[in-house]
Every structure is written in C-alpha cells, then in structure tokens.
Amino acid sequence: MASNSTKSFLADAGYGEQELDANSALMELDKGLRSGKLGEQCEAVVRFPRLFQKYPFPILINSAFLKLADVFRVGMLGSLASIIPERKNAHHSIRQSLDSHDNVEVEAAVFAAANFSAQSKDFAVGICNKISEMIQGLATPVDLKLKLIPILQHMHHDAILASSARQLLQQLVTSYPSTKMVIVSLHTFTLLAASSLVDTPKQIQLLLQYLKNDPRKAVKRLAIQDLKLLANKTPHTWNRENIQALCECALQTPYDSLKLGMLSVLSTLSGTIAVKHYFSIASGNVGSSPRSSDLVRLAQECCYHSNRGIAAHGVRVLTNITVSCQEKDLLALEQDAVFGLESLLVLCSQDDSPGAQATLKIALNCMVKLAKGRPHLSQSVVETLLTQLHSAQDAARILMCHCLAAIAMQLPVLGDGMLGDLMELYKVIGRSATDKQQELLVSLATVIFVASQKALSAEIKAVIKQQLESVSNGWTVYRIARQASRMGNHDMARELYQSLLTQVASEHFYFWLNSLKEFSHAEQCLTGLQEENYSSALSCIAESLKFYHKGIASLTAASTPLNPLSFQCEFVKLRIDLLQAFSQLICTCNSLKTSPPPAIATTIAMTLGNDLQRCGRISNQMKQSMEEFRSLASRYGDLYQASFDADSATLRNVELQQQSCLLISHTIEALILDPESASFQEYGSTGAAHADSEYERRMMSVYNHVLEEVESLNRKYTPVSYMHTACLCNAIIALLKVPLSFQRYFFQKLQSTSIKLALSPSPRNPAEPIAVQNNQQLALKVEGVVQHGSKPGLFRKIQSVCLNVSSTLQSKSGQDYKIPIDNMTNEMEQRVEPHNDYFSTQFLLNFAILGTHNITVESSVKDANGIVWKTGPRTTIFVKSLEDPYSQQIRLQQQQAQQPLQQQQQRNAYTRF
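Description of the structure in this document. (Residues numbered from 1 in each chain as written. Predicted model: local features only at pLDDT ≥ 70, side-chain atom pairs only at ≥ 80, totals over all residues. Heavy atoms only, no water.)

## With respect to the pairing of strand 4 (residues 798-812)
Here comes step 1: As judged from the 13 bridges shared by strand 4 and strand 7 (residues 851-863), these two strands associate in the antiparallel manner. By the bridge assignment for strand 7, Leu809 is matched with His853.
Here comes step 2: Bridge analysis of strand 4 against strand 5 (residues 826-832) gives seven bridges, and the strand direction is antiparallel. Paired with Cys802 across the bridge in strand 5 is Arg831. (Pairing = 2+ DSSP bridges. Helix = DSSP H or I, 4+ residues; strand = E, 2+ residues; numbered from the N terminus.)

## Quick word on the packing of aromatic side chains
Note on aromatic pairs: each is described by the distance of the centres and the angle between the planes.
Here comes step 1: Applying the stated criterion to the full structure yields 20 aromatic pairs.
Here comes step 2: With centroids separated by 4.9 Å and ring planes inclined at 80 degrees, the aromatic side chains of Tyr278 and Phe279 adopt a geometry described as edge-to-face.
Here comes step 3: A centroid spacing of 5.9 Å and a plane angle of 25 degrees characterise the contact between Phe567 and Phe571, whose relative ring orientation is stacked. Placement of both Phe567 and Phe571 in helix 29 (residues 566-594) is noted, with a separation of four residues, approximately one turn of the helix.
Here comes step 4: For Phe567, a relative accessible area of 8% translates into the label buried.
Here comes step 5: Feature note: the residues Trp512, Phe519, Tyr548, Phe567, Phe571, Phe742, Tyr745, Phe746 and Phe747 constitute an aromatic cluster, connected by ring pairs.
Here comes step 6: The aromatic ring of Tyr255 is capped on one face by Lys217, whose charged end is 3.9 Å from the ring centroid. (Phe/Tyr/Trp six-rings, centres within 6.5 Å; stacked < 30°, edge-to-face > 60°. Buried < 20%, exposed > 50% of the residue type's maximum accessible area, 1.4 Å probe, protein only. Lys NZ or Arg CZ within 6 Å of the ring centre and 35° of its normal.)

## A look at the environment of Lys145
Here comes step 1: Position of Lys145 among the secondary structure elements: in helix 8 (residues 142-148).
Here comes step 2: For the pair Lys145 and Ser132, spaced 13 residues apart in sequence, the C-alpha to C-alpha distance is 9.8 Å.
Here comes step 3: Beyond its immediate stretch of four places on either side in the chain, Lys145 contacts Met134, Ile135, Gly137, Thr140, Tyr176 and Met181.
Here comes step 4: At 3.1 Å, the side chain of Lys145 forms a polar contact with the side chain of Tyr176. (Contact = heavy atoms within 4.5 Å. Polar contact = N/O pair within 3.5 Å; in protein donor to acceptor, adjacent residues only side chain to side chain.)

## Remarks on the packing of helix 32 (residues 648-673) against helix 34 (residues 722-737)
Here comes step 1: At a minimum axis separation of 10 Å, helix 32 and helix 34 run at an interaxial angle of 170 degrees. In this view, helix 32 runs roughly antiparallel relative to helix 34, as classed from their interaxial angle. For the pair formed by helix 32 and helix 34, the contact residues are Ser660, Ile664, Thr667, Ile668, Leu671 and Ile672 on the first element and His724, Cys727, Leu728, Ala731, Ile732 and Leu735 on the second.
Here comes step 2: The class makeup of the residues in the contact of helix 32 with helix 34 is nine nonpolar, three polar and no charged. (Axes fitted to C-alpha atoms, helices over the stretch in contact; angles between N-to-C directions. Parallel < 35°, antiparallel > 145°, perpendicular 65-115°, else oblique. Nonpolar A, V, L, I, M, F, W, Y, C, P; charged D, E, K, R; others polar.)

## Overview of the pattern of salt bridges
Here comes step 1: The full count for this structure, using the stated rule, is 32 salt bridges.
Here comes step 2: Measuring nitrogen to oxygen at the nearest pair gives 2.4 Å for the salt bridge that ties Asp99 to Lys130. With a gap of 31 residues between them, Asp99 in the loop between helix 5 (88-98) and helix 6 (103-119) and Lys130 in helix 7 (residues 121-136) connect regions that are remote in the sequence.
Here comes step 3: Residue classification places Lys130 among the buried residues on the basis of a relative accessible area of 15%.
Here comes step 4: Its salt-bridge partner being Asp294, residue Arg297 comes within 3.2 Å of it at the nearest N-O pair. Placement of both Arg297 and Asp294 in helix 16 (residues 294-302) is noted, with a separation of three residues, approximately one turn of the helix.
Here comes step 5: The class for Arg297 is partly exposed, based on a relative accessible area of 40%.
Here comes step 6: For Asp294, a relative accessible area of 18% puts it in the buried group.
Here comes step 7: A single network of salt bridges, built from pairs that share partners, joins Asp30, Arg34, Lys67 and Asp102. (Salt bridge = Lys/Arg side-chain N within 4 Å of Asp/Glu carboxyl O.)

## A few points about the side chain of Ser120
Here comes step 1: Positionally, Ser120 belongs in the loop between helix 6 and helix 7.
Here comes step 2: We classify Ser120 as buried; its relative accessible area is 0%.
Here comes step 3: Here the side chain of Ser120 touches Asp122 through a polar contact of 3.5 Å, landing on its backbone nitrogen.

## Observations concerning the packing of helix 13 (residues 240-252) against helix 16
Here comes step 1: Between helix 13 and helix 16, the shortest axis-to-axis distance is 9 Å and the interhelical angle comes to 35 degrees. The handedness of the crossing between helix 13 and helix 16 comes out as left-handed. Together, Gln244, Cys247, Glu248, Ala250 and Leu251 of helix 13 and Asp294, Leu295, Arg297, Leu298 and Glu301 of helix 16 make up the contact between the two elements.
Here comes step 2: By residue class, the composition of the contact of helix 13 with helix 16 is five nonpolar, one polar and four charged. (Left-handed = near helix turned anticlockwise from the far one by under 90°.)

Remember, this is a structural readout, not a statement about activity or role.
Shown next, in the form of structure tokens:
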C-alpha cells in the first residue's frame, strides 16, 4: 500500500508515466505536502511550478497557493521573528496555532514560538503560561512536550520570568525520570541559567549531582556537555567545591569516554580564574597546596594515559596550574609538566592521523604557554623540540616549527641557539616536492628568519637559496619571500622576488612582484644608516625614495578593478611621504649650520614679542615640519580606520607608524617650539616586554630611548642649539634603522567585508538629477547588503551600520531669497543593525533653495567593541529643486502686475525729458 501511494505521488503533474487530471494531480501533491517525510514534502513543493504550467486555471492555482500557504504559514512566521518581533497579530496567530488539531501546524507554531520568545520579551511573558499548561497537561503527547520544553530556555528576559521557568523545569526533572525527558529538561535548564546568569551556581551543582548519582551514561554525557558549556561561558561562578566534586568523579569513573569529558571541562577551567579560586586560601581555612590537591593528582595520573586525548588534557591542566600559581616551590609540578609534554610530543610526532595532530597542537600550545610563563623552562622545551624535529613526520614538523617561531618571538635570546640545528635540518630536508615538504620549507624558513633577528648571514642565505632552487616551486619561493618581508629581511626578500619575475604569466602578477622587489630594495637602502652621519642619512633616504617611486608605479599597474590594492597603495604612499618628511627635517636641522640666524634676529624677536624668532627661519621651518608630521599621523589614523578586514598585527604596524609621526612631532614641540608646556607623562613607557613581535619590541625601545633623550635635554638649553638638532636627527636615524615590517594584510586578505548600497528614488541615468519641488521633502530610502568572503567575522564583526547623508548646493537657479540656514543644508546620521546582512532606513531631506544639489551617502560600521571603521562605500546622486507651481504662479502674477507700472514710470520719464 505504501509503495503504491509513493508511486502515485511521484507520477504527478506530467512527471510520471500516467496522465492525471488537474484535481487528481493537486490531490497527489497535497499528499506529499502532508507526508511525514521531509524529502517528500520538499519534492512536492518543487513540483508545483510544473503543475501551474500544465494546468494554468485560476481555480487550481488559488487552491494550490492556499495549500502551500497552509504549510508555510506559521513556519514562515518563525523565520521572520528577527524582523517583526513585536508584531501583535503574529503573536496572536502563534497562540491560536498552538491549539490546532493539525500536527504540522502545531509543530510550526512551536518553532515560531521559540523564535519569537528569543526576540520579544512581551511575547515570552505572554506565552510562558500557555507553554507551561501544555507541558503539564495530561492530554499533551510526550513527543510534543519534548518539543515545547526547549522554548523555556528563552524565558530569560527578566528575573521573575526566569524564576517561573526554572521552577517548572525543576518539577519536570523530578516528575518525569525518563531518559529523554531528563536530557531535554536538563539541557534547557542549563541554557536558561547561562542566559539569565542568576542561577548558574545552582545549575552547576545540579549537573554535578546527576553526573555523580545518575547511572545512565546518556545523562552523564549530557551533564558533562553542559558543564563544559558553563565552564566556557561563566568560569567565575565555579567554586572550589564544584571543581573538587568533578575531580572526585573523574578519579572514580572506570570509563575512559566519561573521564575524557570531565578532563576537558577541568582543562577549560584550569586556564581561567577558577583555578586560582581552587588554590586560594579561604578565610579561617588553610588553603591546599597545588602539589597535594586532587586536581594535580588527577592530572599527574592522566599525563601518561594510553588515550591521547586524556593525556593531552592532563598535560594542559598541569601546564595551566604551573603558569597560574605563583608559588616558589613548584619544581615537581614543573618537571611533571615538562616530562608529560615531552612524552606526548614523542608519541604524536610519529603519527600522521588527524587525532594525533589535534593532540600535538594542544601539546605545542602548552609548550608556548609554559615557555612564556616560566622562562627558565624555555631552554629545555626548545631543546626537546629541536631534537624531535629530526625524526618527526612532516605534518608534525610543520606544527613544531610554528611552535619554535612563537617561542622565539617571545624570547629572542633563544634564537641564536636554534640556528645551528635549524640550518642542519634545512640542508637535509625537502628531498621531494610534495605539498607537506613545500609547507615544511616555508615553516623552517620562517623560524630561521625569526631566530636570526638581525640581517641574515651570507651562509644562511646561500643554504636557503640552494635548497629552494633544487626542490621548491614558485609558490613556495613567494611564500618564503613574503615571510622575509614580514620579518624585515629585505635583502633576502629582494633576491627571491627578483627570481620570480620571469615565472609568472600575468602582467598584473609581474608588476606586483616587481613592486615588492622595489620596496624591498628601498628598505634595504636604509640599512646603511649610521648615527651622527647626517649627510649619509640624506643620501640613503634619497636612494630609498628612488626605489619606492619605482615600486609605487609598478604597484599602480598591478591593481585591477576587482583588486584595487587600495591598502597597499595608501600604505606605500604614506611611507614615501614619511621618508620625505624625515629628509626635509634633517635638512632643516642642517640649515642651522648652513644658514645661521642674521645679526638682527634678536631685534626682530623683541619687536614681534616672539623669542623663538631670534633663531631665524629655522623656527618657521620647524613649525611646518611639526604640522606635517601631525598630518601624516592623521593620515595613518585614517588608514587604520579604513582597514576593517585587517588582522591585529597589521593594525598594530599601522599604529606604530602613526606613533612614530607623533613622536617626532612631540620632540619638535618639546625641544624647540614650546619647551615650557611640554609633558612627558602621556608619552611614557608602555612596556616593551608586552610586545607581540620583534619589530614592535624594537620600535618601542626606540620610542623610550628618544623620550629619555628629549626629557634630559628639555629646558636645559635655550632653543635652538646643535644639541636639539642632533637629538632630532638621531631620533630619525634610530627609527629608520629598524627594518620595516610588511605585515600579512599587505599580501593576504583573510577576511573580506563590503557594503553595497541602493538608493531610492534613483535616476535611470546617474548623471541625471531627480526632480523635487522646493516646498516638499524628499524621502530618501537607503538599503544595503553586507557582503562577506569565505571567512566572515574572522577578526571582527559588524554590530551596526552608520549612514551619513549630506547635501551641498552645486548650482543656483532663479532669484536669491532669504531662507533660514536650517533649510539650506542637510546633514543627517542614522545607525541601523543589519538583520541577516540586510539593513534599510529612510531620510527626509529638504531642498528649499532652487538649483542642483549633490547628495552624498557614506556608510561606516561599528564592531562589537564599539570601534567605528570607515569602510565606505560613498554614493552620490543629484537632485534638482524646482519651484512649486503655486509659488511660480504667484510670482508670475506679481511680475505681470509690475510691468504696467514700470512702463508708466518710463513714459513719465520720457515726458519730463
């Protein structure tokens, strides 16, 4: 029977072998819509267009649309909850549908009720009692109760509502002990507690109680899953007793799967404030020593477990405890953590399976954390990694190289000790051209660049180039060159870019590589700078500018409409302008020797009342230089705000360039222009120890050194002296001696976000203006869509879109009238939150002045941290303001009435003459 119904369903609307009349085909499709199988429902929906083509009768089409609307009616409402959360007729429709006798409609109503409860407080308050009655009602089927219970997780809009929902869930857990009901109720309980944040400690205790006492594995797994959720979201609500109970359960359970889950929760907690609560000394009680606690005992037992996951979590717990606890006597724990990491490294580095690689990542992250938190252990960690590199699999070697690079970035002193082993490995690696081998070449080269810190020796460069020539492909060479540019090894990068110029087929790629080569050459010219040698500094900067100008020409040629390279072009232009400003400032400082102040400079200064004029023209030149550096800092700030998709390292690099400009501007002001009011507090040391890269560390060191020099000279010598100009020139040379780092966003865009705007009304031809009468307001509707790349929200997400609308008068027509200033301009701003990446809003614009107006709509975005980013785009339309017919008629009548009077006055004048 079932097979016959399936055959007749599939043979509908001309798709099957038999021909059906219109009513029979519609009935078959209706059976498919009412089917309990989702596949048959979808198939019935997609067959409706064919039915309409074959039987284009109004009665049939109306009936078919009613059946489709019946299926999608409440389900569609649920999907629209984020758009119409407070629509009262939708609330009423959902309440009515919950009482329907049609199972499909009831299920759709449950779905809609859950979505509206999450969005609307009013709906949640109104529907809570209804949901409670249905759940507690004896006539409600158990399957429907299981679908209704999750709605209670959204009853968190106020404390009273959350309390009533919690009481109901407590009754359900007690009254319905079946496995499904307990699992659904407990999970809803957890989600409600996590959202309301009021009863989280009680929920943790309840979950631990079920984990300890309930014999069912499914319930225990659910309890562990929910405990992990609360550990991630609210670790501060866990007390010592909670962690102790979880440790006891993990020590007692004989099942590895449950032990793995519990250790996962504990490893999450060990990296938060909860572990400090666990080892803290309570008032009146003696705190437990980390060495004697159950948590440490559990971690020590699990470090060498046969299950890799359990061992990884055990090592992670030990590492976090070692780093977090500030006790001096932790030698035993430190050794346990190091030995556990070493054993896990040996075990996982010989295995290429995905599970082993995931475990290896955990171990390597722990090594980086341990080296940072306990620097005296870093040497042994590095030696273990270097020893294991020779025998590990290629996939593991790549991860280990990333770990070594991270440790060397944090502790540069370890870099020199790595180089020997790394170079030996680089010579023997890469016997084949497999993807893993190519990736390993890039990873090893990156570690070598980080470890060398300063310029690469000729021997290292020769080894790298020889290996690349033998086994690498062009893409691998490009990636290594890119890493060299990021690490400031511009001489190596220039040679690698040069070797790739003849290996690309596209002229855009050629120009791109050529521009990178020129930029590397330009930065290489600055490596010859020497302190106190200012003439040499001018020649080095001039040589660098020559190659930068060549590079910017190639970079412009490499851009395309789809890839305009806007960030790269602006970054390089700013670098060129900064170098020119440095050169100009050095020349200004030298002018104190080449063009000293005239003999009458003191008299001029006394006459003008400006003591600085006694220094001659250098005072005005210094003031211009200070303004120029402030302008450059502002432009760097604009570039920062326009780089919404950039990674944090790139943004920090732009910020450092901006700080360099502000530093020189402040130095000019503090030494020469206004020494009396100069303040050094806001420019104090920001702590180079917290720098995330060697480039940032060196730049911060230069900033601190320059500020110390400026503060020592401030107010000691009357400006302008040779001590002041020497301090300025030395500051410039010190900044330029730090090799510029071209960060990731210069080469690679991991996140892509763009906004597309649509304005209405809009003219057919963009050059044509929109006509509007001057006594009416134009309702400008702005719609927009947020477009993402393959990794949306990787670095930051859009919380709201800011739309700024302004208008300017392009050309006047007609007479000038006295019009209030408010009616002459339009300047409005609105913030809208996108829903499913769509947003829309309206503006009312007034054009009282006759003529053509230019309307500009510019968008910017605000991220989750409240930072505003000037992402654009900027859209422009034209509006022509016309005189309204009534005013035009009055004006014409007045003109006609004035004409006879003017003619009579002319006749009288002629008569008198």
